[in-house]
Amino acid sequence: MSETTEKVRKTLARRYRAEKRFKAFGIGSIAIGLMALVLLFTDIIGKGHSAFVEHEIQLPITFDAEVLDISNPRDEDELNYGNYQGVIRDALAERFPSVEGRQDTRALNQLVSTGAGYALRDMLREDPSLLGETRTLWLLADDDVDLFLKANEKQREDSRLNAKQREWVAELEASGETRVVFNQSLFSYGDSREPEQAGILGAILGSLFTMIVTLVLSFPIGVAAAVYLEEFAPKNKFTDFIEVNINNLAAVPSIIFGLLGLAVIIGLFGLPRSVPLVGGIVLTLMTLPTIIISSRAAIKAVPPSIRQAALGLGASKMQVVLHHVLPLALPGMLTGAIIGMAQALGETAPLLMIGMVAFIVDLPAGPLDAATVLPVQIYLWADSPEQSFEALASAAIMVLLAFLITMNTLAVVLRKRLERRW
Amino acid sequence: MNFKMKATLAGAAAALAMASVPGTAMARDTISIVGSSTVYPFATVVAERFGRTGNATPKIESTGSGGGMKLFCQGVGTQHPDITNASRRMKKSEFELCQSNGVKDITEVKVGYDGIVIANSVKGEQIDLSLRDIFLALAKDVPNPDGSEELVANPYKTWKEVNPALPNTKIEVLGPPPTSGTRDAFNELAIEGGCKTFPWLKAIKDEDKSKYKAICRSVREDGAYVEAGENDNLIVQKLEKNPAAYGVFGYSFLDQNRGVVQAANVDGVEPTFDAIGSGDYPVSRSLFFYVKKAHVGVVPGIEGYVKEFTSEKAWGNNGYLSEKGLIPLGDDLRKSMAKQARSLKSMTGEEL
């Protein structure tokens, strides 16, 4: 055995141990990351899963023309001002005939959500022949009733319902006059101050419009800038200066872009507050550096031999870029764009300044309608006094996470699918 | 690819060019409301109900009272808000700012009261505080405990040291940061209220007003008062986890979280609906909103919104706002205020 082999043999065990340690550190880091993820998910899902269902109460409702104060159910004005609460009140009084006194009647009427009245209106609008008829209907329960029914024995003691209300609800529950249904309003309405009627569709649409504006503006601008800087720009002090500034821009806190948006886009150009168009422009400023940097990296990764071959065959510089470099760099650019978009989707700070942190009920129909976005909706709900909003906020976080996971998965799939190796 | 890209670029350029026509305020058919985060939970309910009756639902931003005034007073024109909410009265300086920017006619509407409560977890002990206790426990500088008329940095560590009747627990109060209107009101009503009970401190007011304010509206910064952010829900959650801590927040949060937190009595008065409304509970304030008259008729629905807000079914004793924790005005005041609001009476500036 030579001397060298001897030496190697001696240190071999130590080197193996070092390698094992090194690997263990890596696995440990991943475990910590995963644990944080699991903690986040269990917390959010634990809090938010109950918001996906809600309770309804069964009541026989008589569409009494006199109580409703509606003579012609086809008249929109009469429909809007109909006394639907009165009909529900009568139905409740009939169900609990022993309830007397102002205080108690009022407590009884609080069991049903104010949204139930609007549901009745919509039914009557759909089918005017209901006027005068009696139907057994499932009506949306108030959020306090909903919380009470969802709570376990011990939590029920802390309910906001008073002793009598608890008794009534327990009676309804025991006789099967309550049921759990999927929370449809969550995905079909805008914001509301009544938790049982609040939905995130408004915020989803707002996010969608904002993202469309951001994508339409930032992707072409970002790609064009990257192509010029990589393929055409001379290498001099000035382009170095631009590069430093782009990298710098990527590190600017996002609230600054919001201030800029407020001062320039709203202040100077006179665009309205709280609209996705302005939000999209502001987020474009924020996303651009990400797209430019990743696009440049993608262009750099295209081997020079391809450019040289094209040039050698007589292609012009522009043909080289458009026919060869861009298609080959596209997967990388798209990945960068999607990651930039995912970042923009989760942003609230710049939107605060331009008025998108607002209570908006009506669903936006386009980028010029007032709207809010998903993360803002989460923030607004987390800040509301009603207890049920806590679960709703967590549910909205789940929806936002679902979008983010989809986008990031798409980025990975695109990269895997379209990536070329040389 | 090249053509498509050019087209998109051209489109983007066109969008930017369109946006760069200065001063083109777009017509708006939804009411725009800004202002206090304390009034926000009430104004949003009114807006929603108003929207359900066939109108466009007003858009409400929670910017804080001061921020709202600034936006509101920036000028007339649909790019500026129509209504601002405030958890305090408009200041003279704000009224003047409005005037100088052409916002001449403003209608003031007082909508009700809000109490600020000091609460702890129901698992803890309910306590009785006086305003003086609050001042001694939370002010930055307090009179020397030996009784002499000089100020020392707040030496109190436990509630028992402040007042022997209080429990022997560490002073730990979670409350809003200085940017909050709730904090302003708490400093002014509770801490200053307790400060005033020392005659020699009160006497400073006549000599040197700013010195008096510095003493009587300061909050200690040694960790006993924890700034917990503007999110009152977070404070409630933290109180639930830590029964020894106390929290400062608005009455509506107490009302919504009964069973989780309980409020301390202040000067022997429990913060109830009635006690705050009658003014017996000392830490309560009035809530307002202000309407820009120049926008009435330009932006549709402002009159309807004001009418909805000032209707009995909204702000009355049994109205839906009282269910959300707003404490209504007295019957007479409510009637006269409703009349004043619906006729859109302008402020003169003298009343401030």
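Note that the coordinates shown come from a computational prediction; the quantities given were computed from them, not determined experimentally.

A. Layout of the interface of chain A and chain B. With 46 residues of chain A at the contact, the number on the chain B side is 49 residues. Carbon and sulfur atoms make up 53% of the area that chain A and chain B hide from each other, which totals about 4,300 Å². At the surface where chain A touches chain B, the tally comes to four salt bridges. Residue Glu386(A) pairs with Lys324(B) through a salt bridge whose shortest N-O separation is 2.6 Å. Every element with two or more residues in the side of chain A that touches chain B is listed here: helix H5 (102-109), helix H6 (115-126), helix H11 (201-232), helix H16 (317-345), strand E4 (358-359) and helix H18 (374-382) of chain A. Residue contributions to the side of chain A that touches chain B peak at six residues, all from H11(A).

B. Local environment of the sheet that holds strand E2 (residues 134-140) of chain A. Residues and elements named next belong to chain A. What the three strands build is an open sheet, ordered E2-E1-E3; its pairing is antiparallel. The open sheet has two edge strands with one neighbour each: E2 and strand E3 (178-182). The mean inter-strand angle of the sheet, taken between neighbouring strand axes irrespective of direction, is 40 degrees. Pairing between strand E1 (residues 53-62) and E2: seven bridges, direction antiparallel.

C. Summary view of the packing of aromatic side chains. Applying the stated criterion across every chain yields a total of 14 aromatic pairs over all chains. Taking the centre distance of 5.9 Å and the plane angle of 55 degrees together, the rings of Phe135(B) and Phe198(B) count as tilted. On the criterion of sequence distance, the pair formed by Phe135(B) in helix H5 (residues 131-138) and Phe198(B) in the loop between helix H7 (181-195) and helix H8 (199-207) is long-range, its members being 63 residues apart. Each member of the pair, Phe135(B) as well as Phe198(B), is classed as buried. Pairwise contacts between aromatic rings join Phe50(B), Phe289(B), Tyr305(B) and Phe309(B) into one cluster. Here the basic side chain of Arg95(A) rests over the ring of Phe96(A), its NZ or CZ set 4.8 Å away from the ring centre. Just above the ring of Phe232(A) sits the side chain of Lys317(A); from NZ or CZ to the centre is 5.9 Å.

D. Inspection of unusual backbone geometry at higher detail. The phi torsion at Ser274(A) lies on the positive side, around 65 degrees, for a residue other than glycine. Residue class for Ser274(A) comes out buried when judged on its relative accessible area of 0%. At Leu344(B), a position not held by glycine, the phi torsion is positive, near 55 degrees. Within the fold, Leu344(B) resides in the segment after helix H16 (331-342). Looking at Leu344(B), the relative accessible area reads 9%, which means it is buried.

E. Examining the state of the cysteines more closely. Residues and elements named next belong to chain B. Within the structure shown, the criterion is met by two disulfides over all chains. Between the sulfur atoms of Cys-195 and its disulfide mate Cys-216 the distance is 1.7 Å. Judged by the sign of its S-S torsion, about -45 degrees, the cystine formed by Cys-195 and Cys-216 is left-handed. Taken together, the positions of Cys-195 in helix H7 and Cys-216 in helix H9 (residues 209-216) put the pair 21 residues apart, joining distant regions of the chain. Neither Cys-195 nor Cys-216 differs from the other in exposure class; each is buried. Listing the disulfide partners of chain B by sequence rank of the bonded cysteines yields 1-2, 3-4.

F. Expanded view of the packing of helix H15 (residues 304-312) of chain A against H16(A). Residue and element names in this part refer to chain A. Between H15 and H16, the shortest axis-to-axis distance is 10 Å and the interhelical angle comes to 160 degrees. Taken together, H15 and H16 sit at an angle that is classed as roughly antiparallel. Classified by chirality, the crossing of H16 by H15 is right-handed. Facing H15, whose interface residues are Ile-306, Arg-307, Ala-310 and Leu-311, H16 presents Val-320, His-324, Val-325 and Leu-328. Broken down by class, the residue content of the contact of H15 with H16 amounts to six nonpolar, one polar and one charged.

G. Main features of empty space enclosed by the protein. Enumeration according to the criterion identifies four cavities of 30 Å³ or more in this entry. Lining the largest cavity, in full, are Thr114(A), Tyr118(A), Glu194(A), Gln197(A), Val45(B), Glu48(B), Arg49(B) and Arg52(B). At four residues, the largest contribution of residues to the lining of the largest cavity is made by helix H2 (residues 40-52) of chain B. Grouping the constituent residues of the lining of the largest cavity by class yields two nonpolar, two polar and four charged. By volume, the second largest cavity is sized at about 50 Å³. What lines the second largest cavity is Asp191(A), Ser192(A), Arg193(A), Phe359(A), Leu380(A), Trp381(A), Ser384(A), Phe389(A) and Tyr40(B). Looking at the lining of the second largest cavity, its residues break down into five nonpolar, two polar and two charged.

H. The nonpolar core, seen in detail. Of all hydrophobic cores here, the largest spans 141 residues; its most connected members are Ile134(B), Phe249(B), Tyr305(B) and Leu321(B). Counting residues per element, this core draws most heavily on helix H19 (residues 388-418) of chain A, at 13 residues. Look past the residues within four positions of Ile134(B) in its chain and what remains in contact with it is Ile118(B), Leu129(B), Ala139(B), Phe186(B), Ala190(B), Ile191(B) and Val266(B). Core analysis: the next-biggest nonpolar cluster, separate from the first, contains 32 residues, Ile88(A), Val112(A), Leu139(A) and Trp168(A) among them.

I. Up close: the pairing of strand E13 (residues 284-292) of chain B. Residue and element names in this part refer to chain B. Burial of E13 is extensive: nine of the nine residues sit out of reach of the surface. Pairing between strand E3 (residues 83-86) and E13: four bridges, direction antiparallel. Bridge pairing links Ile-83 to Val-291 in E13.

J. Molecular detail of a nonpolar patch on the surface. Taken together, the side chains of Ile30(A), Leu34(A), Leu37(A) and Leu40(A) present a nonpolar region at the surface, about 370 Å² in accessible area. Tracing the sequence through the fold places Leu34(A) in helix H1 (residues 3-48).

K. View of a positive patch on the surface. Residue and element names in this part refer to chain B. A surface patch of positive charge is lined by Lys-91, Lys-196, Lys-202, Lys-205, Lys-209 and Lys-213. Elements represented by at least two residues in the positive patch include exactly H8 and H9. Inspection of the secondary structure puts Lys-209 in helix H9.

What counts, and at which threshold
Throughout this description, residue numbers start from 1 for each chain and increase along the sequence as written. All chains are assigned letters beginning at A, and all ligands numbers beginning at 1, according to the order in which they are written. Reporting of local features is limited, given that this is a predicted model, to residues whose pLDDT is at least 70; pairs of side-chain atoms are given and counted only at 80 or more, and all residues count toward the totals for whole chains, interfaces and linings. Based on all heavy atoms of the structure, the side-chain values leave hydrogens and waters out of the count. Any two residues whose heavy atoms approach within 4.5 Å are treated as being in contact. Take the accessible area each of two parts loses on contact, using a 1.4 Å probe, and add the two losses: that sum is the buried area. Here a salt bridge means any side-chain nitrogen of Lys or Arg lying within 4 Å of a carboxyl oxygen belonging to Asp or Glu. Strands are runs of DSSP state E lasting at least 2 residues, helices are runs of H or I lasting at least 4, and numbering of each runs from the N terminus. Any two strands with at least two DSSP-identified bridges between them are counted as paired. To obtain each axis, a line is fitted to C-alpha atoms, and for helices this fit is confined to the stretch in contact; angles are then taken between N-to-C directions over 0 to 180 degrees. Here is the rule: rings of Phe, Tyr and Trp (six-membered ring for Trp) pair when centre to centre is within 6.5 Å. Planes less than 30 degrees apart are stacked, more than 60 are edge-to-face, and the remainder are tilted. Buried means the residue's accessible area, taken with a 1.4 Å probe over protein chains only, is under 20% of the maximum for its type, while exposed means over 50%, and partly exposed covers the values in between. Put simply, a charge is over a ring when the Lys NZ or the Arg CZ is close to the ring centre, within 6 Å, and near the line of the ring normal, within 35 degrees. A pair of cysteine sulfur atoms is labelled a disulfide when the two atoms are within 2.5 Å. Here roughly perpendicular refers to angles of 65 to 115 degrees, roughly parallel to angles under 35, roughly antiparallel to angles over 145, and oblique to all remaining angles. Note: crossing handedness is left-handed where the near helix turns anticlockwise from the far helix by less than a right angle, and right-handed where it turns clockwise. Residues are grouped as follows: Ala, Val, Leu, Ile, Met, Phe, Trp, Tyr, Cys and Pro are nonpolar; Asp, Glu, Lys and Arg are charged; all remaining types, including Gly, are polar. Cavities and pockets are found on a 1 Å grid laid over the protein atoms alone: a cavity is a set of points where a 1.4 Å probe fits but cannot escape, a pocket is an open set with protein on both sides within 12 Å along at least five of seven lines, and a lining residue has an atom within 4 Å of such a point. Grid points are joined across faces, edges and corners, and a volume is the space filled by probe spheres set on the points. Grouping buried Ala, Val, Leu, Ile, Met, Phe, Trp, Tyr and Cys residues that are joined through side-chain atoms within 4.5 Å yields what is termed a nonpolar core. In this analysis, a patch consists of residues with relative accessible area above 30% that form no salt bridge, clustered at 9 Å for like charges and at 5 Å for the nonpolar side chains Val, Leu, Ile, Met, Phe, Trp and Tyr. We get accessible surface area from the Shrake-Rupley algorithm with a probe of 1.4 Å; when it comes to residues, only the shown protein chains can shield them. Here the positive residues are Lys and Arg and the negative ones are Asp and Glu; neither His nor the chain ends is included. Where a charge sits is defined by one atom per residue type, namely NZ (Lys), CZ (Arg), CG (Asp) or CD (Glu).

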